[in-house]
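Working through the structure, step by step
Below, each chain spelled out in residue letters.
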Amino acid sequence: NYLAVDRPDIRYAASTMGSQASSPKDADMVRLKRVGRFLIGRPITWTHYRWEVRSDQIMAYTDSDWAANREDRRSVSGGMLVHNGGLLRFWSRRQKAVSLSSWESELYAAVSTGVEAIGLQSGLRDFGNNTRVTIACDNQGVVDHTARQGLGLAKHVHTRHLWLQAARDEGRLDVVKIPTERNPADLLTKPLPLNRIQELCRLVGVEHDHGT
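Residue positions within a chain follow its written sequence, with the count starting from 1. Confidence filtering applies because this is a predicted model: local features only for residues at pLDDT of at least 70, side-chain atom pairs given and counted only at 80 or more, and all residues used for totals across whole chains, interfaces and linings. For side-chain calculations, the full set of non-hydrogen atoms in the structure is used, while hydrogens and water are omitted.

**Things to note about the nonpolar core**
Proteins that are soluble and globular tend to have nonpolar side chains buried together. Side-chain atoms within 4.5 Å link the members of a nonpolar core, which is a set of buried Ala, Val, Leu, Ile, Met, Phe, Trp, Tyr and Cys residues. The rule is simple: take the accessible area with a 1.4 Å probe, protein chains only, and divide by the maximum for that residue type; under 20% is buried, over 50% is exposed, in between is partly exposed. In this structure, Ile10, Tyr61, Met80, Leu87, Leu187 and Val204 are the most contacted members of the largest nonpolar core, which totals 22 residues. Each helix corresponds to a stretch of at least 4 residues labelled H or I by DSSP, and each strand to a stretch of at least 2 residues labelled E; elements are numbered beginning at the N terminus. Secondary-structure elements contributing two or more residues to this core are helix H1 (8–18), helix H2 (26–41), strand S3 (76–83), strand S4 (86–94) and helix H6 (194–203). For Val204, the contacting residues outside a window of four places in its chain are Met80, Val82, Gly85, Leu87 and Pro184. Ala110, Ile135, Cys137 and Val175 belong to the second largest nonpolar core, which has 21 residues in total. Any pair of residues with heavy atoms lying within 4.5 Å of one another is described as a contacting pair.

Written as structure tokens, this is what we have:
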């Protein structure tokens, strides 16, 4: 948990293992050893923040893994906030509601990311930096949903998740679709092979250092 505060490459693993900390099983020890071997080979990460003209854009990347937990079938949300090409904040969380579809889990993840991004936007405004928020996800259904008003056929979705529609309609943020392979938040929702982990880290300016 201590290392995962500023290492997106192990945030998902730390979150998953942390949920089993009260009653760990043999399989959890296997996961812990796997993370340990990963860290031995890559003990250091660098996060690059480029020196450039002040940006007026916050990129908020969001993703989810539908019904990821086999016990309660709750999905996992992942999000990243990037400003000036540098990673400022990221998270991996289990969703509180059980989603009936991948679209629904992606919507819940996008709403959570929007709330975090608006909070960062408010903080930057206190420092005299006026920014716009763009939420980037890889689900076209979420983009379409936020472009209209109301629940439509999704009557079971909690009304609080309509907030994203209102925020977009008021011009407080934009929602766009990006390809899955270009979505760094994918790093925070599921186990991935090493080359994919490194590829997604590089998208947000994070590089591995093998140490000496």
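**A short note on the side chain of Thr45**
The residue Thr45 is located in strand S1 (residues 44–47) in this model. Setting aside anything within four residues of it in sequence, one finds Thr45 in contact with Asp6, Arg7, Asp9, Val206, Glu207 and His208.

**Here we look at the environment of Arg93**
Inspection of the secondary structure assignment puts Arg93 in strand S4. Since its relative accessible area comes to 31%, Arg93 is described here as partly exposed. Through-space distance from the C-alpha of Arg93 to that of Gly119 is 18 Å; in sequence the pair is 26 residues apart. Each residue touching Arg93, except ones within four places of it in the same chain, is listed here: Ser75, Val76, Ser77, Ser112 and Glu116. Counting of polar contacts relies on pairs of N or O atoms within 3.5 Å, with two restrictions inside protein: one atom must be capable of donating a hydrogen and the other of accepting it, and residues adjacent in sequence are counted only when both atoms are side-chain atoms. A distance of 3.2 Å separates the side chain of Arg93 from the side chain of Ser112, its partner in a polar contact.

**Side note on H1**
Among the residues making up H1, those that are buried are Pro8, Asp9, Ile10, Arg11, Tyr12, Ala14 and Met17. Buried residues along H1 sit against H2, S1, S3, S4, H6 and strand S7 (206–209).

**Some remarks on H2**
Working rule for helices: expected span equals 1.5 Å times residues minus one. Helix length check: H2, at 16 residues, gives a terminal C-alpha distance of 23 Å against a target of 22 Å (1.5 Å per residue), a fit within 8%. Where H2 is concerned, the buried positions are Asp28, Val35, Phe38 and Leu39. Angular distribution of buried residues about the axis of H2 spans 95 degrees; they occupy a single face of the element. H2 presents Asp26, Lys33, Arg34, Arg37 and Ile40 as exposed residues on the side facing more than 90 degrees away from its buried surface. At its buried positions, H2 is contacted by H1, H6 and S7. The reported arc concerns the directions from the helix axis to the C-beta atoms and nothing else.

**A word on the sheet that holds S3**
One open sheet accounts for five strands, arranged S4-S3-S2-S5-S6; its pairing is mixed. The open sheet has two free edges, formed respectively by S4 and strand S6 (173–177), since each of these has just one partner strand. Strand-to-strand twist across the sheet, computed as the mean angle between neighbouring axes with direction ignored, equals 20 degrees. Across five bridges, the pairing between strand S2 (residues 57–65) and strand S5 (residues 132–137) is parallel. Paired strands are those between which DSSP finds at least two bridges. Here, axes are lines fitted to C-alpha atoms. For helices the fit covers the stretch in contact, and angles between N-to-C directions go from 0 to 180 degrees.

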